[in-house]
Amino acid sequence: MKQIKFLFLLVASILLFSCTPDEVSQNVCLNGDCGAEFWVDTLGHPGTYQDAEGVWHVKHANLDYFTIKGKINELDPHYIINGVPLVSTGFDSNLFYTLGNVVWTYPIYSYLGLWSSNQMNTPIAVGTQTYTFPQLIGQTSIMNLAGYTIQKNPNVNVNHPAYKTYFATYSSYTYRPQQSMAFFDDFEGRTASIYIEVTLGENKETIRKEIKIAFEP
């Protein structure tokens, strides 16, 4: 009986001390400090500012684009491979438009919101008609403020697991992500939200941010 008890304690001790604290819980970010901040680049858009409510008022300034820039805290060396940090930043928005000057936003949205917010079948007004997203994509390509385009496809299967991966643009392997976004005359007077998801260290940590935009002449 004493031998069995001794063997049990020996095995338990080996299991306890064979894993170092770093192996059990490795901080993703340097010193455990994960964080990210994003803003509108005001260069080329004189008069652009962020108000007390956090909304960015972007002036058109005769430019058909503006740029979102970011800064991400550094990762722990464990998540840097050959000098390249394992970080990816995805951009999405609730503002969609077509080349036919149809512009709309979804009032309830989030990152990859056509799925996470169940918006795929929300009616979209086009003239006197209404369409859902799958119906409209069967007739024309649809663009998003974040910079991606969903190509026209009459036979689209929106339930395919890979389909939602098209609904974002990415800036990867950099602590200084940025993304240029459209700003056409038809946007003036409208508001939109940009949803940002930062994944750190092989998806060990996720940071989500939202930037609110007011388009102005």
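Heads up: the structure comes first, above all this text.
My aim in this report is to walk through the structure given alongside it, one point at a time.

### Description of the overall build of the chain
Scanning the chain from terminus to terminus reveals 4 helices and 17 strands. Here the chain holds 217 residues, and 42% of them are scored as buried. Taking the intrachain contacts of the chain between residues at least 6 apart in sequence as the baseline, contacts between residues at least 24 apart amount to 63%.

### So, the sheet that holds strand 9 (residues 103–105)
In a beta sheet, neighbouring strands pair by backbone hydrogen bonds and run either parallel or antiparallel. Across the sheet, 4 strands lie side by side as 9-8-12-13; this open sheet has antiparallel pairing. Edge positions in the sheet fall to strand 9 and strand 13 (149–150), since each has one partner strand and no second. Relative to strand 12 (residues 142–144), strand 8 (residues 95–97) runs antiparallel, the two being bridged by 2 bridges. Pairing of Y97 across the sheet is with M143, part of strand 12.

### Details of the side chain of T48
Its place among the elements puts T48 in the loop between strand 1 (36–40) and strand 2 (49–50). Given the relative accessible area of 10%, T48 is considered buried. At 3.1 Å, the side chain of T48 and the backbone nitrogen of K59 are in polar contact. Ignoring sequence-local partners within four residues, the contact set of T48 consists of V40, T42, W56, H57, V58 and K59.

### Looking at the packing of aromatic side chains
What the rule picks out here adds up to 18 aromatic pairs. Ring geometry for Y106 against Y109: centres 6.0 Å apart, planes inclined by 15°, an arrangement best described as stacked. As far as the burial class goes, Y106 and Y109 line up, both buried. Ring geometry for Y163 and Y166: centres 5.9 Å apart, planes at 90°, overall edge-to-face. For Y163, a relative accessible area of 9% translates into the label buried. Among the aromatic residues, those joined into a ring-pair cluster are F96, W104, Y106, Y109, F133, Y148, Y163, Y166, F167 and Y195.

Parameters and conventions
Residues numbered from 1 in each chain as written. Predicted model: local features only at pLDDT ≥ 70, side-chain atom pairs only at ≥ 80, totals over all residues. Heavy atoms only, no water. Helix = DSSP H or I, 4+ residues; strand = E, 2+ residues; numbered from the N terminus. Buried < 20%, exposed > 50% of the residue type's maximum accessible area, 1.4 Å probe, protein only. Contact = heavy atoms within 4.5 Å. Pairing = 2+ DSSP bridges. Polar contact = N/O pair within 3.5 Å; in protein donor to acceptor, adjacent residues only side chain to side chain. Phe/Tyr/Trp six-rings, centres within 6.5 Å; stacked < 30°, edge-to-face > 60°.

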